2 protein chains.
Amino acid sequence: MKNIAVIGYGVIGKRVADAVKVQDDMNLAGVCDVVSDWRIQNAVRKGYSIYAATPEAGNEMKAVGISVKGNVQDLLAKADIVVDCTPKKISTKNVEYYKQKGIKFIVQGGEKHETTGHSFSAENNYKSAINLNSTRVVSCNTTSILRTLTALKSAGLLDYARGTLLRRATDPWESHLGGIMNTMVPERDIPSHQGPDAQSVDPDLDVITAAVKVPETLSHMHYWNVKLKKHATKDEVLNAFKTSSRIKLIQYDQGLVSNNTIKEMFLDMGRPWGDMYEVALWEDMLKVVGDELFYAYVVDNQAIVIPETIDAIRALTGIETDGAKSISKTNESLGIN
Amino acid sequence: MKNIAVIGYGVIGKRVADAVKVQDDMNLAGVCDVVSDWRIQNAVRKGYSIYAATPEAGNEMKAVGISVKGNVQDLLAKADIVVDCTPKKISTKNVEYYKQKGIKFIVQGGEKHETTGHSFSAENNYKSAINLNSTRVVSCNTTSILRTLTALKSAGLLDYARGTLLRRATDPWESHLGGIMNTMVPERDIPSHQGPDAQSVDPDLDVITAAVKVPETLSHMHYWNVKLKKHATKDEVLNAFKTSSRIKLIQYDQGLVSNNTIKEMFLDMGRPWGDMYEVALWEDMLKVVGDELFYAYVVDNQAIVIPETIDAIRALTGIETDGAKSISKTNESLGIN
């Protein structure tokens, strides 16, 4: 049983901790953060072992009655692998420390590929991550791109893909800090960074993206124009997408007409925070015209990377060397089917 | 001097009336509507001749002190051509009347192509509209598509175009009636209607669109992937766009980073309502990769059809048989350069 440390108990860290907790082949060694407010109280409620990232944080935690198990070094000493979910500035420093001490680690998509030299997306390249010292789980948007294009590529259908990414303005729990309002804000450069980022996992993908921020906080939405290698039927394309257990085909005509309705359905399903680990792709909107394919989908920018992170832990620690088995195990534990 | 009647003094009608007023080769015969509130007071302030669409409306107008010149038949009797800017349900009935009476008329993009059998976009097909009895000025989104793709086509660069259209939720002056909030709502079908609509003007265009509503009211934004007929330089593409006087190349790096900043610039310029008659296309974002072209632009859904409507009046009445001259004259009158 491998011991997992979660450093940074924010929007990703709290989800990773919960996901680790429900695996039967790994143990949550503890979580580490600097806050002593409502955010860390969630870990207190769940009975997680709490470590303080700094001496000051430790004192503040103790002052509000939190039982602090130790400092970050104490946690790292107990861990076989660290999942670093801290903001970029902090994780960059942390990574130096992990490397010096020879600690296995996983970083999130905000980091550069060069930080680890390996970027991870379970259905695409699980095998290449086995027993590595570190990897980077790519960002939410990039994960969705890799899942969908990998499915098309594996079916021998993908020639090249061009996507327009409508990005949500800000995380919902931070929207009081200011997001955009009644406007749209393009990313300065075309191609936007997500296309090249997908190539850090699979250099063979011919993918170009453009991205724009829109004034909503629920999730991202992608529109894709894909050139197929041949004329194909809609069924051939759908069958390709169905090979991925993490693409959920949804029906516009069954009332799933927008981000907010999709969010409500996942809340109905009882998922924590209404989390959508899958790419929700509209089956009835999807259109094939000759050798061209058009489709749109929704991406939960907080949840989609969680199953990927669990798989990355299995790959790096060598708990499981069969990617398909890890994916299947993770799916079952998180209610993905 | 031809006499122009504007039926329907709403968001388009009030702009058409003002634009007619500043032409030196046409005369505003009057405007006709059913409202007697703040909306028609704008026409009162400007000294336009006001006609009542129904007897009840006439009584209400008189009751609030508006000097009513007559009913709709009185206005039509004075007009050489009607620009119908009423909502779709009403314009459909009106059109039957114009046809019975042999009155020349122009409808807006909400109508079907079949209503007139001719759809209009000045830079593409002015000539084919000369002395026709009726035409339809295509919608804001379709107008922007035609301007940009016509420029590329005329330069021999266009193979085919695939666009993602981010549509504003509702008209700003009607947003209290409800628009979408913190979500995005795709149009059910791909292709969305704008691509086929552009083909109603130019059947040769190979264009496919997908559209999604976003929660803002300022303007639309389009992202395009265009396959060129050959490898081209960025300058070749920019030179093609520069052949259109109604495409305004803008710089992201000069602070024009969003719909709202662009809107403020047009308000700064003193345009009525901050109207943007041009397609505002980001020059520095535009990217050519081999024989593929990527760009984004913003469309003012109230203003862009106004110069088109003025040109359509000239074409149908035969005031001007040279499209380029009409476009140039309209541009000058509205401050487009």
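See the structure above.
Residues numbered from 1 in each chain as written. Chains lettered and ligands numbered in written order. Predicted model: local features only at pLDDT ≥ 70, side-chain atom pairs only at ≥ 80, totals over all residues. Heavy atoms only, no water.

Asker: Sorry, what's going on with the overall build of chain A here?
Answerer: Tallying secondary structure elements over chain A gives twelve helices and 16 strands in all. C-alpha atoms of chain A, sized along the principal axes, occupy 65 × 45 × 35 Å. In chain A, which comprises 337 residues, the proportion classed as buried is 59%. Put simply, of all contacts in chain A between residues at least 6 apart along the chain, 71% involve residues at least 24 apart. By element, 50% of the accessible surface of chain A is carried by carbon and sulfur atoms, the whole surface being about 13,000 Å². (Helix = DSSP H or I, 4+ residues; strand = E, 2+ residues; numbered from the N terminus. Buried < 20%, exposed > 50% of the residue type's maximum accessible area, 1.4 Å probe, protein only. Contact = heavy atoms within 4.5 Å. Areas by Shrake-Rupley, 256 points an atom, 1.4 Å probe, with all protein chains shown as cover.)

Asker: Please clarify how the pattern of salt bridges should be interpreted in this entry.
Answerer: When their charged atoms lie close together, side chains carrying opposite charge are able to pair. Residue and element names in this part refer to chain B. Counted by the stated rule, this structure contains 41 salt bridges over all chains. Here Arg 314 and Asp 25 are joined by a salt bridge, their closest N and O atoms 2.6 Å apart. Separated by 289 residues along the polypeptide, Arg 314 in helix α11 (residues 305-317) and Asp 25 in the loop between α1 (13-21) and β2 (26-33) bring together distant segments of the chain. Like Arg 314, the residue Asp 25 is buried in the burial classification. Lys 227 is the salt-bridge partner of Asp 291, the closest N and O atoms lying 3.0 Å from each other. Separated by 64 residues along the polypeptide, Asp 291 in the loop between β15 (287-289) and β16 (292-299) and Lys 227 in strand β12 (residues 220-228) bring together distant segments of the chain. (Salt bridge = Lys/Arg side-chain N within 4 Å of Asp/Glu carboxyl O.)

Asker: Can you help me understand the packing of aromatic side chains in this one?
Answerer: All names here are of chain A. Applying the stated criterion to the full structure yields twelve aromatic pairs over all chains. Measuring from centroid to centroid gives 6.0 Å for Trp 38 and Trp 173, while their planes differ by 70°, and the two rings are edge-to-face. Separated by 135 residues along the polypeptide, Trp 38 in helix α2 (residues 38-46) and Trp 173 in the loop between β9 (158-168) and β10 (185-186) bring together distant segments of the chain. Overall, Trp 173 belongs to the partly exposed group, its relative accessible area being 30%. Every member of this aromatic cluster is reached through a ring pair, and the members are Phe 241, Tyr 295 and Tyr 297. One cation-aromatic arrangement involves Arg 15 over Trp 273; the distance from NZ or CZ to the ring centre is 4.5 Å. (Phe/Tyr/Trp six-rings, centres within 6.5 Å; stacked < 30°, edge-to-face > 60°. Lys NZ or Arg CZ within 6 Å of the ring centre and 35° of its normal.)

Asker: Would you mind going over the sheet that holds strand β6 (residues 105-107) of chain A with me for this structure?
Answerer: Within a sheet, neighbouring strands are paired by backbone hydrogen bonds and run either parallel or antiparallel to one another. Residues and elements named next belong to chain A. Strands sit in the order β4-β3-β2-β1-β5-β6-β8-β7 across an open sheet of eight strands; the sheet is parallel. Either end of the sheet is taken by a strand with one partner, and the two such strands are β4 (68-71) and β7 (119-120). One ladder, built from two bridges, connects strand β5 (residues 81-84) with β6; its direction is parallel. Within β6, the position partnered with Val 82 by the bridge is Phe 105. Sitting on the sheet, helix α11 (residues 305-317) touches β1 (2-7), β2 (26-33), β5, β6, β7 and β8 (134-137), and the angle it makes with β8 is about 165°. (Pairing = 2+ DSSP bridges. Axes fitted to C-alpha atoms, helices over the stretch in contact; angles between N-to-C directions.)

Asker: When you look at the pairing of strand β11 (residues 207-214) of chain A in this model, what are you seeing that I'm missing?
Answerer: Taken residue by residue, a regular strand's side chains alternate between the two faces of the sheet. All names here are of chain A. Judged by how many residues are buried, β11 sits mostly within the fold: seven of eight residues are covered. In this structure, β9 lies alongside β11, joined through eight bridges in parallel fashion. Bridging from a neighbouring strand, Arg 167 pairs with Lys 213 of β11. Across two bridges, β10 lies against β11 in antiparallel orientation. Residue pairing for β11: Pro 186 is matched across the bridge by Val 212.

Asker: Whenever I open this one, the interface of chain A and chain B confuses me. Can you help?
Answerer: Contacts between the two partners involve 42 residues from chain A, matched on the other side by 42 residues from chain B. The shortest N-O distance in the salt bridge between Glu 292 of chain A and Arg 162 of chain B comes to 2.7 Å. Remark: the boundary between chain A and chain B carries 19 residue pairs in polar contact (both at pLDDT 80 or more). Of all the elements in the fold, those that place two or more residues in the side of chain A that touches chain B are β9, β10, β11, β12 (220-228), α10 (259-268), β15 (287-289) and β16 (292-299) of chain A. (Polar contact = N/O pair within 3.5 Å; in protein donor to acceptor, adjacent residues only side chain to side chain.)

Asker: Is there a simple way to think about the nonpolar core in this case?
Answerer: Side chains that are nonpolar tend, in soluble globular proteins, to be buried together. Counting residues in hydrophobic clusters, the biggest one holds 77 residues, and the most contacted among them are Leu 149, Leu 152, Val 226 and Tyr 295 of chain B. Considering each element in turn, this core owes the most residues, seven residues, to α11 of chain B. For this core, the two domains that each supply at least three residues are domain 1 (2-138 + 305-334) and domain 2 (140-299) of chain B. Apart from the residues lying within four places of it in its own chain, the contact partners of Leu 152 of chain B are Leu 157, Leu 158, Val 226, Val 237, Ala 240, Phe 241, Leu 293 and Tyr 295 of chain B. Formed by 76 residues, the second largest nonpolar core is a distinct cluster that contains Val 83, Ala 198, Ile 247 and Ile 306 of chain A. (Core = buried A, V, L, I, M, F, W, Y, C linked by side-chain atoms within 4.5 Å. Domains from an automatic or database assignment.)

Asker: In this structure, what is going on with the packing of helix α7 (residues 140-154) of chain A against α11 of chain A? I would like to understand it.
Answerer: Each pair of packed helices can be described by the angle between their axes along with the distance between the axes. Residues and elements named next belong to chain A. Running from N to C, α7 and α11 cross one another at 80°; their axes reach a closest spacing of 10 Å. Of the possible angle classes, the one that applies to α7 and α11 is roughly perpendicular. Two secondary-structure elements touch here, α7 through Cys 140, Thr 143 and Arg 147 and α11 through Val 305, Pro 307 and Glu 308. Broken down by class, the residue content of the contact of α7 with α11 amounts to three nonpolar, one polar and two charged. (Parallel < 35°, antiparallel > 145°, perpendicular 65-115°, else oblique. Nonpolar A, V, L, I, M, F, W, Y, C, P; charged D, E, K, R; others polar.)

Asker: Before we go on, may I ask you to explain the relation of the copies chain A and chain B in this structure?
Answerer: Turning one copy of the chain about an axis and sliding it along that axis gives the other copy, so a rotation and a shift relate them. The operation relating chain A to chain B is a screw motion whose rotation component is 180°, with 0.0 Å of axial translation and a residual RMSD of 0.0 Å. Read as a symmetry element, the transformation amounts to a two-fold axis. In terms of C-alpha distance to the rotation axis, chain A has Pro 215 of chain A as its closest residue, with the C-alpha 3.2 Å off the axis. Of the residues that chain A buries at the interface, 100% are likewise interface residues in chain B, meaning the two copies contact each other through the same surface. (Least-squares fit on C-alpha atoms with pLDDT ≥ 70 in both.)

Asker: What's the story with helix α9 (residues 234-242) of chain B in this structure? I'm lost.
Answerer: Within an α-helix, residues lying three or four positions from one another point in the same direction, as the helix has 3.6 residues per turn. All names here are of chain B. Here α9 has its buried residues at Val 237, Leu 238, Ala 240 and Phe 241. For α9, the arc enclosing every buried residue in end-on projection is 155°, short of the 170-degree limit, so these residues lie on one face. Of the exposed residues in α9, the ones pointing more than 90 degrees away from its buried face are Asp 235 and Lys 242. Looking at the buried residues of α9, the elements they touch are α7 (140-154), β12, β13 (247-250), β14 (279-282), β15 and β16. (Arc of directions from axis to C-beta.)

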